[in-house]
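Understanding the architecture of this molecule
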Amino acid sequence: ASEESLRWADTHVHADTPALQRAHLALAWGGVYDAYDLLEEALDAHRVAAGYFEGTCDWMNQANTLVELAHSLRRVKDLDAAMRHCEEAMALYSRLDDPRGYTAALDARADITCALGRPAEALPMAMDACDLAARHRDPYIQHRAERTVGRALSGLGRYAEAEESFRASALGFEAIRRPISVAASLNELGLLLHRDGRDEDAVSVLRAERAILAEVGADDLSALDRLIAEIAKARSTNPSAAVADPVSQRNRSGR
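Here is a short report on the structure shown in this document.

Calculation notes
Residues numbered from 1 in each chain as written. Predicted model: local features only at pLDDT ≥ 70, side-chain atom pairs only at ≥ 80, totals over all residues. Heavy atoms only, no water. Helix = DSSP H or I, 4+ residues; strand = E, 2+ residues; numbered from the N terminus. Rg over C-alpha atoms; globule rule 2.2 N^0.38 Å. Contact = heavy atoms within 4.5 Å. Areas by Shrake-Rupley, 256 points an atom, 1.4 Å probe, with all protein chains shown as cover. Lys, Arg positive; Asp, Glu negative; His and termini not counted. Charge placed at Lys NZ, Arg CZ, Asp CG, Glu CD. Axes fitted to C-alpha atoms, helices over the stretch in contact; angles between N-to-C directions. Parallel < 35°, antiparallel > 145°, perpendicular 65-115°, else oblique. Left-handed = near helix turned anticlockwise from the far one by under 90°. Nonpolar A, V, L, I, M, F, W, Y, C, P; charged D, E, K, R; others polar. Salt bridge = Lys/Arg side-chain N within 4 Å of Asp/Glu carboxyl O. Disulfide = S-S within 2.5 Å. Buried < 20%, exposed > 50% of the residue type's maximum accessible area, 1.4 Å probe, protein only. Expected span 1.5 Å × (residues − 1). Phe/Tyr/Trp six-rings, centres within 6.5 Å; stacked < 30°, edge-to-face > 60°.

Comments concerning the overall build of the protein
From N to C terminus, the protein includes 13 helices and 0 strands. Ordered by position from N to C terminus, the α and β elements of the protein give α-α-α-α-α-α-α-α-α-α-α-α-α. Relative to the compact-globule value of 18 Å for 255 residues, the protein shows a C-alpha radius of gyration of 19 Å, a close match. In the protein, 55% of the contacts between residues at least 6 apart in sequence involve partners at least 24 apart. Carbon and sulfur atoms form 51% of the exposed surface of the protein, whose accessible area is close to 12500 Å². Of note, the protein has its 30 positive side-chain charges centred 3 Å away from the centre of its 41 negative side-chain charges.

This is the structure in structure tokens:
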């Protein structure tokens, strides 16, 4: 439905269409591409949106777009650029006195720090983001930050605490009816359980993720199907075997 609306909007873009409208359209396309895991397309759209917003001096939406751009850059593993844009967004939110935006950027910064292999540094940032989001009654960012806390704890080898954070994230997203985000948190949980040698539980969680994605109309679940099959096979033939991780390699945490 989003695609249909955006295609309609595209047909009404002309040479005299204001930059602000073009910026919002590009930002919306970036969100759709990100949901489809079309990472390069999402990155291009977010770059276009950032360029338009900068020219309009709409600093709030510029900050919002910089956070989305940072997420896109992290997903394509351009981590230095992701961190730079994230910090730019945090500075803008501070000047604009927008605590909710700042919290979203703080969670993004923690997530990027995790991806840089610095979970000990990321953990307090993610926990602060979680607390701030709860204080400002922003459940979506709170549950994203819970997922980031789980990633940091997992990177520190604190699996029991990480499991608790991933489960809290999934349940929180379920309560606010964000099924794709539920699926993303379940994916993190399933991979953690696999790393912890609990393959039966991992398969169960990943199958729950698959059911959610199928229900919302995901087009290609082949990578997830392969992962589930490989974990199930490894469990039956060699309980201590590890398998490849095609789902996490795609890094679908845009959800």
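This is not the end of the story, as more comes after the structure.
A closer look at the packing of helix α8 (residues 139-155) against helix α9 (residues 159-175)
Following both chains from N to C, one finds α8 and α9 inclined at 160 degrees, their axes separated by 8 Å at the closest point. Viewed along their axes, α8 and α9 adopt a mutual orientation that is roughly antiparallel. Our pair here, α8 against α9, has a crossing hand that is left-handed. For the pair α8 and α9, the contacting residues are Y140, H143, R144, E146, R147, V149, G150, R151, L153 and S154 in the first and Y159, E161, A162, S165, F166, A168, S169, G172 and F173 in the second. Partitioning the contact of α8 with α9 into residue classes produces 8 nonpolar, 6 polar and 5 charged.

A few points about the pattern of salt bridges
Applying the stated criterion across every chain, the model contains 15 salt bridges. Between D34 and R75 there is a salt bridge; the shortest N-O distance is 2.5 Å. Placement of D34 in helix α2 (residues 19-35) and of R75 in helix α4 (residues 59-75) is noted, with a sequence separation of 41 residues between them. Measuring nitrogen to oxygen at the nearest pair gives 2.4 Å for the salt bridge that ties R210 to D225.

Concerning the state of the cysteines
In total, this model carries 0 disulfides according to the counting rule given. Here C86 stays unpaired: no disulfide links it, and the sulfur of C114, its closest cysteine neighbor, is 13 Å away. For C86, a relative accessible area of 0% translates into the label buried. Free of any disulfide, C130 has its nearest neighbouring cysteine sulfur in C114, separated by 13 Å. For C130, a relative accessible area of 14% translates into the label buried.

Looking at helix α10 (residues 179-195)
Relative to the 24 Å expected for 17 residues at 1.5 Å per residue, α10 spans 24 Å between its end C-alpha atoms, a close match to the ideal helical length. Counting buried residues in α10 gives 14 out of 17 residues, a clear majority hidden from the surface. The positive-phi residue at the C-terminal boundary of α10 is G197, with phi of around 80 degrees.

Observations regarding the packing of aromatic side chains
According to the stated counting rule, one finds 2 aromatic pairs in the structure shown. Here W29 and Y33 contribute two aromatic rings whose centre-to-centre distance is 5.4 Å and whose plane-to-plane angle is 20 degrees, an arrangement assigned as stacked. With W29 and Y33 both in helix α2 and 4 residues apart, the pair spans about one turn of that helix.

Looking at the environment of L221
Inspection of the secondary structure assignment puts L221 in the loop between α11 (199-215) and α12 (222-237). Judged by its relative accessible area of 10%, L221 falls in the buried class. Excluding its chain neighbours within four sequence positions, the residues that come into contact with L221 are R210, L213 and A214.

Quick notes on α9
Spanning 17 residues, α9 covers 24 Å between terminal C-alpha atoms, matching the ideal 24 Å at 1.5 Å per step. Every buried residue belonging to α9 is among A162, E163, S165, F166, S169, A170, G172 and F173, and all of these are buried. If you follow the buried residues of α9, they end up packed against α8 and α10. Of the residues one or two after α9, R177 is the one with positive phi, at around 60 degrees.

Remarks on the packing of α2 against helix α3 (residues 39-56)
Following both chains from N to C, one finds α2 and α3 inclined at 155 degrees, their axes separated by 8 Å at the closest point. Classified by the interaxial angle, the pair formed by α2 and α3 is roughly antiparallel. In this structure, α2 crosses over α3, and the sense of that crossing is left-handed. In contact with A19, L20, R22, A23, H24, A26, L27, W29, G30, G31, Y33 and D34 of α2, α3 contributes E41, A42, A45, H46, V48, A49, Y52, F53 and T56.

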